[in-house]
Structure formats: C-alpha cells, structure tokens
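Structural description and commentary
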Amino acid sequence: MYKIHLPEGKSKYEVEELIKVFLKPGEFEIDNIRSDGEKANSSEIDICFPEFSLPYESIEKKEKDIKNEIKRFLYKELQKYTAKSPEWGILTGVRPVKLAYELLEREKSRDKVKEILNRDYYLTAEKADLLLEILKCQRKVLGSSEKGAMGIYIGIPFCPTRCVYCSFPSNQGKEGDIERYLQALHKEINFVAESMNEKGWYPETIYIGGGTPTTLTAEQLDALLSHTSEAFNLNHIKEFTVEAGRPDTITLKKLKVLTKHHVDRISINPQSMVDHTLKQIGRAHRPDDIIEAFNLAKEAGIPAVNMDLIAGLPGEDVDDFIFSIESLLKLVPENITVHTLALKRASRLKEIDNEYTYKQGEMLRIMLNKARKMLYQAGYHPYYLYRQKQMTGNLENIGYAKGNTEGIYNIRIMEEAINSYDK
C-alpha cells in the first residue's frame, strides 16, 4: 500500500490523476502530512512531500509552479518505486497541444519548447515531437477567426443501442421522447440565434453531435437542418458537420437531406471492423454495413467522411485492431480518428471490470504505434489530439487527415483556439 501525504492546503484532486497513471485504485491512499513522530506501517510505502520554496513572479505563477513541482516530485518517487516512466510525463489534462502552443508563443523556438516539455514536464521526445507536428498543422489550417465567428454545437442525445464502454448522456429514445426533445431544441436554437444576431455573432462552424443524430428520421433531420439554416446567419460558415456514427442509422434518404442543407462533413464510426467485437460491445451493425454506409455517403456527395476506431476494445488483440485499420485504409476516408479506450464510472464495462484499463496498457502502445506508422505511410497526418481521464495506458486520441481535410471545429473546440494562430 502506498500512502501519499499531501502538503498542507493541497487537495488530493491535484495529484490523484497522476497517481492513477502509476497505481491501481486500492493500491494507494492520499491524506494530509503525517504528524511528527508518526511511523509508517512496515507494509506501507510512505511518500511525503518536501518544502517547496521557489522564486515567484506572481501569486498565480506561484500556485502553478508549486502544483508542477508537486507533480514532478511525485512522478520521480513513483517512477522509482514502480519502474514506470509514462510517456506523457506529469501531464494529466486533456489539451497538451494547447500547452505546446502557449510555450511556443512565449519561447519563439520549437527546439526550446521541446526542451521544456522534456525537462519540466517529463514528456518523451516522441510525444513532444507529436505535439509540435500537430501544432504546426493547426497553425497552417486555422489562421485567425474573424471577430464574431463562433462554433455551434447542437446535441442529439439518442442512440439505437448503448455500447458497453459508453459513458455519454445518450439514451435509446422512444419516438415520443425524441419529439419532445426536438420541440425543446428548436426553442433553444431560436433563443441562441436571436442572442447571437443581437451581438453580431455568426457561425464559423456548426457541429451536430450526439448520441447519434442520424437516429432521427429523414423528416426530423430535414426540419432540424432547415430551422438551423433559417435561424443562423450562414453566409460565412466554413464547415457544417453532422455525426452519422452508427452505420445502421444511415440511409440514402437521410444522406440526401444532409447534402441538401450543405452538410460537408459526417462521421461513420465503426469503432471496430471485427464482427465478434461489434457484437460484444453492443453494436447492432456488422462490418459490411459500415462499408455500405461509406459507399452511400460517397454516392450522396458528402465531401468529407471521418471514421472512428477504438483501440483496446474488449476481446481484441493487436491483429484485430490492425485488421480494422487496414479495412478503413481500403475505403480511403478523408479522416480517421484513433481513440484509446477510456472507461468512466458510467460505463457498463467499468462496472464489469474496474481494473480493465490497467491490464491493457502495453498492448495499446503496440496498437497505436503500428496504426500511426500505417496511417503515415497511407498519406494521413495527425491534426488534433486530446486526452481523457481513465485512458487505457495513459495514452491519447488522435485525429488523422488526408490532404487538406482537417476539421476546423475539432481543432477550435479542443485547443480553445480563437484568434492567435496567425502569429
């Protein structure tokens, strides 16, 4: 048992996520600093923090520096006891590319940023290079947004089934529930559009996500998209995305509704192209349905299709995952997003096996490394990245694009990038 004694005034939340990178729940306890003379039990490993006294330029910088010093000390201690050296170092937040951007703005040197990421945040050279590669791509793609440009997200919280790993607030909606939700949603669209128009704001991007928006009927989709187009000023829109994640919800009729309203990006998300995996995770489609849905999207004239895969799904090994990558590469979608399985408390798989994510880490590293090489060789490049709590192997999610097909909304929402990428 590891007993971690926090400095006075520090909450366990600040260190708990980093500890979980090294240790399973149940292997550690966090409490306040031991009182003088108190001895650790012989079966315990005690970790007590030293005094941190650093020169500070401001109170805000002091708090940030102390927090990082605590993490650095903890990382080194746990590295010593566990012999683990996590690739993302002390970073536990969801936006590491944003950190790289802030450092580059300050240092004006990519080499200096890489040095800081390695020296102060303990990232491996590979992860630091990945952040800088993605940042370079994002600077090229985005430029600066104009004054008043906004990204709009419209949520449809319904799916045909609930996947075993899912923790999103989505439901298998009954027709009456969906209709009542849409009535409320139309009212909210009016309210938001009126507020934006008063301020002179307008959509740069619109993203309709879920759940699975194509759970709606073609008529419901048509009404929603018509209302959205009428309510908002779309004269300057750069990107219009609708998630069509479940192949079993995609029809040519629905796709023609999307193209009628100038939707230029959709997602078709197999998660896996292995039949037994799809059955195990609770998907109602089969691999052939994914191929058919993709071909329908191209027949309907959808310009850009993203396809998601998840590494680390139950029952899959490296060969299964590589088969899925190979299957998607044959289709040549514009974007492929490779997710690492992250299990939150609300997922059924978390309830079934609380330690699932701790058992798969090394296999996941092999999967992601092989996938990255295959995608590079096929002409894809990484354009956005984010991380989550409870990610298997403490790894990452990466969106890859072929050619100039990067998703603006994905970059803006993940990096909170508004007006400064043109510097």
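Residues numbered from 1 in each chain as written. Predicted model: local features only at pLDDT ≥ 70, side-chain atom pairs only at ≥ 80, totals over all residues. Heavy atoms only, no water.

**Let's talk about the overall build of the chain**
Within the chain one finds 15 helices and 11 strands. By the burial criterion, 53% of the 423 residues in the chain qualify as buried. Residue pairs in contact within the chain that sit at least 24 positions apart in sequence constitute 77% of those at least 6 positions apart. Total accessible area on the chain is roughly 19,900 Å²; 49% of this is exposed by carbon and sulfur atoms. (Helix = DSSP H or I, 4+ residues; strand = E, 2+ residues; numbered from the N terminus. Buried < 20%, exposed > 50% of the residue type's maximum accessible area, 1.4 Å probe, protein only. Contact = heavy atoms within 4.5 Å. Areas by Shrake-Rupley, 256 points an atom, 1.4 Å probe, with all protein chains shown as cover.)

**Thoughts on unusual backbone geometry**
Residue G210 is joined to G211 through a cis peptide bond whose omega torsion reads 5°. Inspection of the secondary structure puts G211 in the loop between β5 (202–210) and α7 (218–231). Although it is not a glycine, Y122 sits at a positive phi angle of roughly 65°. Counting through the fold element by element, Y122 comes out in the loop between α4 (110–119) and α5 (125–142).

**Considering the confidence of the model for the chain**
For the chain, per-residue confidence averages 87 on the pLDDT scale, and 86% of positions sit at 70 or higher. Taken element by element, the chain is modelled with least confidence in helix α12 (residues 348–352), mean pLDDT 52, and with most confidence in helix α11 (residues 318–331), mean pLDDT 98. Across residues 418–423, where pLDDT falls below 50, the model places 17 contacts with residues more than four positions away in sequence or in other chains. (pLDDT = per-residue confidence, 0-100.)

**With respect to the sheet that holds strand β4 (residues 149–156)**
Taken together, 8 strands build an open sheet; the order of strands is β4-β5-β6-β7-β8-β9-β11-β10 and the sheet is mixed. Since the sheet does not close on itself, it has two edges, and those belong to β4 and β10 (380–386), each with one partner. In this sheet, adjacent strand axes meet at a mean angle of 20° when their direction is disregarded. Here 3 bridges tie strand β6 (residues 239–243) to strand β7 (residues 265–267), and the two strands are oriented parallel to one another. In the sheet register, T241 faces β7, and the bridge partner there is R265. (Pairing = 2+ DSSP bridges. Axes fitted to C-alpha atoms, helices over the stretch in contact; angles between N-to-C directions.)

**Things to note about the environment of H262**
Relative to the elements of secondary structure, H262 occurs in the loop between α8 (252–260) and β7. Since its relative accessible area comes to 64%, H262 is described here as exposed. Counting along the chain gives 33 residues from H262 to S229, while the straight-line C-alpha distance between them is 9.7 Å.

**Structural notes on helix α6 (residues 175–199)**
The terminal C-alpha atoms of α6, which comprises 25 residues, lie 36 Å apart, in line with the 36 Å expected from a rise of 1.5 Å per residue. Among the residues of α6, I178, L182, L185, H186, I189, A193 and M196 are the ones counted as buried. The inward-facing, buried residues of α6 contact β4, β5 and α7. Phi turns positive one or two residues past the end of α6, at G200, with a value near 80°. (Expected span 1.5 Å × (residues − 1).)

**Topic: α7**
With 14 residues, α7 should reach 20 Å at 1.5 Å per residue; the first-to-last C-alpha distance of 20 Å fits that figure. Of all the residues in α7, the buried ones are A218, Q220, L221, L224, L225, H227, T228 and A231. Where α7 is buried, its residues contact β4, α6, β5, β6 and α8.

**Some details on the packing of aromatic side chains**
Between two aromatic rings, the relevant description is the distance of the centres plus the angle of the planes. Under the counting rule described, the total for this entry stands at 9 aromatic pairs. With centroids separated by 5.2 Å and ring planes inclined at 50°, the aromatic side chains of F49 and F73 adopt a geometry described as tilted. Taken together, the residues span a long stretch of sequence, with F49 in the loop between β3 (45–48) and α2 (59–82) and F73 in helix α2 at a distance of 24 residues. A relative accessible area of 9% places F49 in the buried class. Aromatic pair Y384 and Y386: ring centres 6.1 Å apart, planes at 20°, arrangement stacked. You can call Y386 buried: its relative accessible area is 17%. Following the ring pairs from residue to residue traces out a cluster consisting of F22, Y75 and Y122. Directly above the aromatic system of W201 lies the positively charged group of K199, at a separation of 5.4 Å from the ring centroid. Lying over the aromatic face of Y380, K402 brings its terminal NZ or CZ to 5.0 Å of the ring centre. (Phe/Tyr/Trp six-rings, centres within 6.5 Å; stacked < 30°, edge-to-face > 60°. Lys NZ or Arg CZ within 6 Å of the ring centre and 35° of its normal.)

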